[in-house]
Amino acid sequence: MRFIHTSDWHLGRLFFGESLTGEQAALLQEFVALVKDQKPDAVLIAGDVYDRGVPPAEAVSLLDEVLGRLALDCRVPVLMIAGNHDSGARLSFGQRFFGQNGLHVCSAVAPAIVGLADRWGPVDFVLVPFAETAAVRMEFGEATVSEPESAMQQRMMSMRQHGAQLGRRVAIAHAFLTGGQTSESERPLSVGGTGAVSAAAFAEFQYVAMGHLHRPQQMDAGRLSYSGSLMKYSFEEADHKKGVYLVELDQAGALRQEFIPLPAGRDVRVVSGLFSDIMQGPAAGERADDYLSFLLLDEAPVIQAVHRLRTIYPKTMEINYRYQQATLSLAGQRPDHRALSSMDLFESFVDWSTQKPLTELQRKTMAPFLAPTDAAGEGRQG
């Protein structure tokens with residue numbers, strides 16, 4: 001059984017207020033071409049198909065186009081689940097009709113089971129979309145379900161009670177596995193806790209196609225794998241390699257797995273250097289119109305830095321200064337500002353913004369403008 005595992009498309013995503021739909025459409029065109037070339041037995045999409053519960057119209061149109069080409073043109077079964085960003089009811093609209101045409105969508109609390117077969121016999125695909133702990137507790141009427149781990153165990157019990165075979169089994173799940181590496185572009189699955197479930201919940205599967213974490217990563221020798229997000233959705237992901245997994249499951253359930261890169265046409269990068277050097281233009285092999293975050297090494301703010309950078313790098317999204325980052329990292333070591341004089345506060349501000357102490361001439365120049373303060377930090381009235 002050969003299948004392609006992908007997840008976290010986040011169609012309709014905005015990046016610093018800019019729509020990524022065009023970039024996503026280009027990437028998914030490459031994805032469809034990959035499916036045509038590899039001819040897998042199935043495509044698995046492990047949740048967060050949309051970026052929000054009510055996606056923009058262009059995102060809905062894009063998904064309709066891609067799923068139509070996969071299920072109808074390529075004639076490849078597509079198994080898709082809802083993630084925590086999706087509205088399950090919207091994503092699974094028409095699922096009975098679509099299921100008869102090779103598109104199987106699950107957004108319910110109880111896992112769905114889709115049976116496929118290869119030359120060695122049947123393989124059960126168990127679809128486990130994201131579900132809140134409270135929703136699981138209400139669905140099964142189990143008061144003991146109080147956190148994500150027990151909720152997942154209850155759902156696995158339901159799966160076993162409703163026909164999953166003891167042979168080869170593959171799970172498609174949207175959850176946070178204990179020990180997974182997170183990224184800043186992910187939305188937490190719970191408030192006040194990790195929302196994590198253990199790998200033990202999926203012990204009976206030969207492969208688990210995970211969604212939610214945006215960094216491609218593997219656990220248990222690849223048996224549990226996150227394919228990662230379709231694109232880089234934050235500058236923290238600048239060093240990620242995005243792509244999909246091509247997985248082969250043999251007669252005995254042994255795995256063969258290959259990560260196939262699927263890089264975007266416009267990259268997301270962090271560039272550091274002096275402003276004057278950066279303004280010389282991009283380095284060889286780098287695109288000027290990538291999405292860029294600049295870390296400036298200058299010792300003082302640069303006037304109209306963003307405007308000037310955008311004359312060369314039109315997709316400049318943010319700038320940071322190294323000296324400010326270094327100062328902020330020491331913020332917890334600063335003295336209580338209420339015990340400082342006005343001159344002390346001003347010196348502290350100058351040191352933070354320029355990384356240089358006040359000269360004696362500057363101190364004398366500012367002294368008349370800084371009213372003395374008492375120990376409580378309140379200025380005296382003149």
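The structure displayed is predicted, hence computed values, not measured ones. (Residues numbered from 1 in each chain as written. Predicted model: local features only at pLDDT ≥ 70, side-chain atom pairs only at ≥ 80, totals over all residues. Heavy atoms only, no water.)

Draft legend 1. Here's a closer look at helix H2 (residues 57-73). Here H2 spans 23 Å end to end across 17 residues, near enough to the 24 Å set by a 1.5 Å rise per residue. Among all positions in H2, only Ala59, Leu62, Leu63, Val66, Leu67, Leu70 and Ala71 are buried. Along H2, the residues classed as buried sweep out an arc of 140° about the axis, all on the same side. Relative to its buried face, H2 has exposed residues pointing more than 90 degrees away, namely Ala57, Asp64 and Asp73. (Helix = DSSP H or I, 4+ residues; strand = E, 2+ residues; numbered from the N terminus. Expected span 1.5 Å × (residues − 1). Buried < 20%, exposed > 50% of the residue type's maximum accessible area, 1.4 Å probe, protein only. Arc of directions from axis to C-beta.)

Draft legend 2. Seen up close, the packing of aromatic side chains. Counted according to the given criterion, the structure contains eleven aromatic pairs. Measuring from ring centre to ring centre gives 5.5 Å for Tyr321 and Tyr323, while their planes differ by 40°; the resulting arrangement is tilted. Using a relative accessible area of 8% as the deciding quantity, one classes Tyr321 as buried. Since its relative accessible area comes to 7%, Tyr323 is described here as buried. Clustering of aromatic rings is evident, with ring pairs tying together Phe15, Phe16, Phe235 and Tyr291. Over the ring of Phe205 we find Arg169, and its NZ or CZ is 5.7 Å from the ring centre. We note Arg266 situated over the ring of Tyr291; from NZ or CZ to the ring centre the distance is 5.5 Å. (Phe/Tyr/Trp six-rings, centres within 6.5 Å; stacked < 30°, edge-to-face > 60°. Lys NZ or Arg CZ within 6 Å of the ring centre and 35° of its normal.)

Draft legend 3. Structural context of the sheet that holds strand S6 (residues 103-106). In spatial order, the strands read S6-S5-S4-S1-S15-S16; together these six strands make up an open sheet with mixed pairing. Edge strands, defined here as strands with exactly one partner in the open sheet, are S6 and strand S16 (255-261). Taking the axes of each pair of neighbouring strands and ignoring which way they run, one obtains an average angle of 20° across the sheet. Sheet analysis places strand S5 (residues 78-81) next to S6, joined by four bridges and oriented parallel. Directly across from Val78, in S6, lies its bridge partner Leu103. Contacting strand S1 (2-6), strand S4 (42-46), strand S15 (243-249) and S16, helix H1 (residues 21-38) runs over the sheet at an angle of about 165° to S1. Across the sheet, H2 is in contact with S4, S5 and S6; its angle to S5 comes to roughly 145°. (Pairing = 2+ DSSP bridges. Axes fitted to C-alpha atoms, helices over the stretch in contact; angles between N-to-C directions. Contact = heavy atoms within 4.5 Å.)

Draft legend 4. Summary view of the side chain of Gln154. Among the structural elements, Gln154 can be located in helix H6 (residues 148-161). With relative accessibility at 14%, the residue Gln154 sits in the buried group. Discounting residues that sit within four places of it in the chain, Gln154 has contacts with Val136, Phe140, Glu142 and Val145.

Draft legend 5. A look at the pattern of salt bridges. Per the counting criterion, the structure on display carries 18 salt bridges. The partner of Glu204 in a salt bridge is Arg160, with the nearest N and O atoms 2.7 Å apart. One end of the pair, Glu204, is in the loop between strand S11 (196-197) and strand S12 (207-211); the other, Arg160, is in helix H6, and 44 residues separate them in sequence. Overall, Glu204 belongs to the partly exposed group, its relative accessible area being 25%. Overall, the relative accessible area of 41% leaves Arg160 in the partly exposed class. The network of salt bridges with shared partners includes Glu23, Arg266, Arg269, Glu286, Arg287, Asp289 and Asp290. (Salt bridge = Lys/Arg side-chain N within 4 Å of Asp/Glu carboxyl O.)

Draft legend 6. The nonpolar core, seen in detail. Grouped together as the largest cluster of nonpolar side chains are 40 residues, with contacts concentrated most on Trp9 and Phe31. Mapped by element, the contributors of at least two residues to this core are H1, S4, H2, S5, S6 and S15. In this structure, Val197, Ala201, Phe202 and Val208 belong to the second largest nonpolar core, which totals 21 residues. (Core = buried A, V, L, I, M, F, W, Y, C linked by side-chain atoms within 4.5 Å.)

Draft legend 7. Structural context of unusual backbone geometry. Backbone geometry places Asp8, a non-glycine residue, at a positive phi of 50°. Its location among the elements puts Asp8 in the loop between S1 and strand S2 (14-15). What makes Asp8 buried here is its relative accessible area of 0%. A positive phi is found at Asp220, a non-glycine position, where the angle reads about 55°.

Draft legend 8. Fine view of the layout of surface pockets. The volume enclosed by the largest pocket comes to roughly 420 Å³. Lining the largest pocket are 18 residues, with Asp64, Leu67, Phe93, Phe98 and Leu103 sitting closest to its centre. Secondary structure elements with two or more residues in the lining of the largest pocket: H2, helix H3 (88-91), helix H4 (95-99) and S6. At seven residues, the largest contribution of residues to the lining of the largest pocket is made by H2. Its residues assigned to classes, the lining of the largest pocket comprises 14 nonpolar, two polar and two charged. (1 Å grid on protein atoms, 1.4 Å probe; cavity = no way out; pocket = protein on both sides within 12 Å on 5 of 7 lines; lining within 4 Å. Points joined across faces, edges and corners; volume = space filled by probe spheres on them. Nonpolar A, V, L, I, M, F, W, Y, C, P; charged D, E, K, R; others polar.)

Draft legend 9. Spotlight on empty space enclosed by the protein. Counting across every chain of the model gives one cavity of 30 Å³ or more. In this structure, the largest cavity encloses a volume near 30 Å³. In terms of lining, the largest cavity is formed by Thr6, Ser229, Leu230, Gly243, Val244 and Leu262. Taken together, the residues of the lining of the largest cavity sort by class into three nonpolar, three polar and no charged.

Draft legend 10. Seen up close, the side chain of Ser225. Structurally, Ser225 can be placed in strand S14 (residues 224-226). Side-chain polar atoms of Ser225 contact the backbone oxygen of Gly222, separated by 2.9 Å. Excluding residues that lie within four positions of it along the chain, Ser225 makes contacts with His5, Tyr207, Val208, Ala209, Met210, Gln217, Gln218, Tyr245 and Gln257. (Polar contact = N/O pair within 3.5 Å; in protein donor to acceptor, adjacent residues only side chain to side chain.)

The values reported here are purely geometric and, on their own, carry no functional implication.
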